[in-house]
Amino acid sequence: MLSIFAAQLFLVLALVVFAIRIARGEAVLRRTPLDGPILAFCVWTLLSASFSRAPLASHEEAKKLLLFALFYLALDTFAREQCRERVLDGALLGGLALSSGALAQYFFLGFDTLDNRPRSFLGHYMTASGLVMAVLVLAAGRVAFHGLPSRKPAWRELRIVAGVLAGVALLTALQAAGLFAVEAERLFVAALAGTGAFIALLRGPWPGRTAGTFLATLVLPLAAGALLISRTRNAWLGALVGLVTLAVMRVPRALWALAGIIAAILVLRPAPVMDRLTLTDASSKDRYYMWQAGIDMIREKPVFGQGPGMILAVYPDYRWPDAPNAMAPHLHDNALQIAAERGLPCLAWWIWWVAAAMGDAYRER
């Protein structure tokens, strides 16, 4: 939730441990409905990289296929309820820091314009808003299925939460004063990463049975506020879909509350929201022309695409004259991006993957 570098480092360490456990017979690779589409997607990505205008660069980009290993690692980890709860606790603890960091940037550090949106501890505001969206839905899910805390939080739980919030406050003060801003942020992230590792290695419950619901109740309003000020429309839509899904699954009457919140926004018309509910701004226009360029890329190379990581390099050749920006690192649309980079067959494998995941989740439900 706070550092892609730390997440990748821990992923490599976890995969090494997972491989050792498989070699010892202590773990197995489970078969799932997603195996076929994942394999097809990976194979076609490598074929696309081979037919790219810059094969070495495209194969370098294709190393991100390693992230699919996270799915199989998660299957092994989440097989145990205690581990599931512990991972969710860690995600909510990171979400607490992520959301409070975004709010602190917005109110105290000048991250309050469309061109300078809060990114919290991450490198880009869209990454931050996407993770805030995920934290919001996770927290809402835990409250919906487990309810509010049944007792007052224990001192140990309060101490951990207070430590995170105090760290964010101190970091904000140092950044406002221009004192050791980068070093302080790195130390804070490293401390939270160490806390996450400590939680993962604990043998007993951490820190108590109601810690998760307490964290979720606290994170829920903070994440909602951070998501609102992010001004990121796709994250708003994702959160809305996630909350509606939770309401349908658990508390259908909550749909009235969601409708009431949306109605209140439309009546009160808060500027940060209404300024983004438009299709005439420069960002929306640029996306229209990006999509047109992406369609042209697909028409020219429908089978293997332009190659992984090649959109930025080839975009000037396909850019429409009226496009506001001369360059585009990606096409702001998952389906178009995959088809333009890796060809229409790879898009079909991706759709198969999504359909298989949703179908399996529906059957489980």
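Residues numbered from 1 in each chain as written. Predicted model: local features only at pLDDT ≥ 70, side-chain atom pairs only at ≥ 80, totals over all residues. Heavy atoms only, no water.

S.K.: In this structure, what is going on with the overall build of the protein? I would like to understand it.
M.R.: Summing up its helical and strand segments, the protein has 16 helices and 0 strands in all. The C-alpha radius of gyration of the protein comes to 22 Å, within 12% of the 21 Å expected for a compact globule of 365 residues. Here the C-alpha coordinates of the protein stretch approximately 65 × 60 × 50 Å along the principal axes. In the protein, buried positions account for 38% of the 365 residues. For the protein, restricting intrachain contacts to residue pairs at least 6 apart in sequence, the fraction spanning at least 24 positions comes to 76%. (Helix = DSSP H or I, 4+ residues; strand = E, 2+ residues; numbered from the N terminus. Rg over C-alpha atoms; globule rule 2.2 N^0.38 Å. Buried < 20%, exposed > 50% of the residue type's maximum accessible area, 1.4 Å probe, protein only. Contact = heavy atoms within 4.5 Å.)

S.K.: Looking at this structure, how should I read the side chain of Arg287?
M.R.: Considering the arrangement of structural elements, one finds Arg287 in helix α13 (residues 282–300). In this structure Arg287 is buried but unpaired, with Asp281 as the nearest side chain of opposite charge at 7.0 Å. When near neighbours in sequence (up to four residues on either side) are disregarded, Arg287 contacts Met126 and His332. (Lys, Arg positive; Asp, Glu negative; His and termini not counted. Salt bridge = Lys/Arg side-chain N within 4 Å of Asp/Glu carboxyl O.)

S.K.: Looking at this structure, I do not really get helix α11 (residues 254–268). What am I missing?
M.R.: Two residues of an α-helix separated by three or four positions point the same way, owing to the 3.6 residues in each turn. The end-to-end C-alpha distance of α11, which contains 15 residues, comes to 21 Å, matching closely the 21 Å that a straight helix rising 1.5 Å per residue would cover. One or two steps after α11, the chain reaches Arg269, where phi turns positive at roughly 50 degrees. (Expected span 1.5 Å × (residues − 1).)

S.K.: What is the right way to look at the pattern of salt bridges in this model?
M.R.: Opposite charge on two side chains lets them pair, provided their charged atoms get close. Counted according to the given criterion, the structure contains 11 salt bridges. For the salt bridge of Arg233 with Asp281, the shortest nitrogen-to-oxygen distance reads 3.6 Å. With Arg233 in helix α10 (residues 233–249) and Asp281 in the loop between α12 (271–274) and α13, this pair connects stretches of sequence that are 48 residues apart. In the salt-bridge network here, residues are joined through shared partners; they are Arg21, Arg30 and Asp76.

S.K.: Just to check I follow, could you spell out the packing of aromatic side chains for this structure?
M.R.: Aromatic ring pairs: the centre-centre distance and the angle between the two ring planes describe each pair. Enumeration over the complete set of coordinates arrives at 11 aromatic pairs. A centroid spacing of 5.3 Å and a plane angle of 75 degrees characterise the contact between Phe68 and Trp353, whose relative ring orientation is edge-to-face. With Phe68 in the loop between α3 (55–61) and α4 (69–77) and Trp353 in helix α16 (residues 344–364), this pair connects stretches of sequence that are 285 residues apart. For Phe68, a relative accessible area of 16% puts it in the buried group. According to the relative accessible area criterion, Trp353 is partly exposed, its value standing at 26%. Seen from their ring centres, Tyr106 and Phe107 are 5.0 Å apart, and the 85 degrees between their planes marks the pair as edge-to-face. (Phe/Tyr/Trp six-rings, centres within 6.5 Å; stacked < 30°, edge-to-face > 60°.)

S.K.: Hey, could you run me through the packing of helix α15 (residues 334–342) against α16 in this one?
M.R.: How two helices pack is summed up by the angle between their axes together with the distance between the axes. Across the interface, α15 lies against α16 with an axial gap of 7 Å and an inter-helix angle of 140 degrees. Between α15 and α16, the angle falls in the class oblique. Taking contact as the criterion, the partners of Asn334, Ala335, Ile338, Ala339 and Arg342 in α15 are, on α16, Leu344, Cys346, Leu347 and Trp350. Taken together, the residues that form the contact of α15 with α16 break down as 7 nonpolar, 1 polar and 1 charged. (Axes fitted to C-alpha atoms, helices over the stretch in contact; angles between N-to-C directions. Parallel < 35°, antiparallel > 145°, perpendicular 65-115°, else oblique. Nonpolar A, V, L, I, M, F, W, Y, C, P; charged D, E, K, R; others polar.)

S.K.: Before we go on, may I ask you to explain unusual backbone geometry in this structure?
M.R.: Outside of glycine, negative phi angles account for most residues, and trans bonds account for most peptide bonds. Phi at Phe180 takes a positive value of approximately 50 degrees, unusual for a residue other than glycine. Of note, Phe180 is situated in the loop between α7 (155–177) and α8 (181–201). With relative accessibility at 62%, the residue Phe180 sits in the exposed group. Not every positive phi belongs to a glycine, and His332 is a case in point at roughly 55 degrees. In this structure, His332 sits in the loop between α14 (311–318) and α15.

S.K.: Mind showing me how you'd approach the nonpolar core here?
M.R.: Side chains of a nonpolar character, in soluble globular proteins, are inclined to be buried together. Leu2, Ala97, Phe121, Val164, Phe188, Val219 and Leu227 are the most contacted members of the largest nonpolar core, which has 40 residues in total. Elements supplying a minimum of two residues to this core: α5 (81–108), α6 (125–146), α7, α8, α9 (211–230), α10 and α12. If you tally residues by element for this core, the top one is α5, at 9 residues. Once you skip the residues sitting within four places of it in the chain, Leu227 turns out to touch Ser129, Val132, Met133, Leu136, Ala235, Trp236 and Ala239. If you look at the next biggest cluster of nonpolar residues, it comprises 29 residues, including Ile38, Leu65, Met310 and Leu331. (Core = buried A, V, L, I, M, F, W, Y, C linked by side-chain atoms within 4.5 Å.)

S.K.: Please clarify how the packing of α9 against α10 should be interpreted in this entry.
M.R.: Taken N-terminus to C-terminus, the directions of α9 and α10 make an angle of 145 degrees; their axes are 8 Å apart at the nearest point. The two elements α9 and α10 meet at a crossing, and its hand is left-handed. Side by side, α9 and α10 meet where Leu227, Leu228 and Ser230 of the first sit next to Ala235, Trp236 and Ala239 of the second. For the contact of α9 with α10, a count of residues per class yields 5 nonpolar, 1 polar and no charged. (Left-handed = near helix turned anticlockwise from the far one by under 90°.)

S.K.: Before we go on, may I ask you to explain empty space enclosed by the protein in this structure?
M.R.: A water-sized probe rolled over the atoms picks out the places where empty space is left. For the coordinates displayed, the defined rule picks out 3 cavities of 30 Å³ or more. Taken as a whole, the largest cavity encloses approximately 70 Å³ of empty space. In terms of lining residues, the largest cavity is bounded by Gly101, Ala104, Gln105, Leu109, Ser120, Phe121, Val168, Leu171, Thr172, Gln175 and Glu185. Here the element with the most residues in the lining of the largest cavity is α7; it accounts for 4 residues. (1 Å grid on protein atoms, 1.4 Å probe; cavity = no way out; pocket = protein on both sides within 12 Å on 5 of 7 lines; lining within 4 Å. Points joined across faces, edges and corners; volume = space filled by probe spheres on them.)

S.K.: Where do I start with the side chain of Thr45 in this structure?
M.R.: In this fold, Thr45 is placed in helix α2 (residues 35–50). If we skip the residues at most four places from it in the chain, Thr45 touches Ala62, Leu65, Pro308, Arg342 and Cys346.

S.K.: Honestly, the environment of Leu114 in this entry has me stumped. Any pointers?
M.R.: Note that Leu114 resides in the loop between α5 and α6. Here the alpha-carbon distance between Leu114 and Asp275, two residues 161 residues apart in the chain, equals 9.3 Å. With sequence-adjacent residues up to four places away left out, Leu114 is seen in contact with Arg231 and Arg276.

On their own, these measurements won't tell you what the molecule is for.
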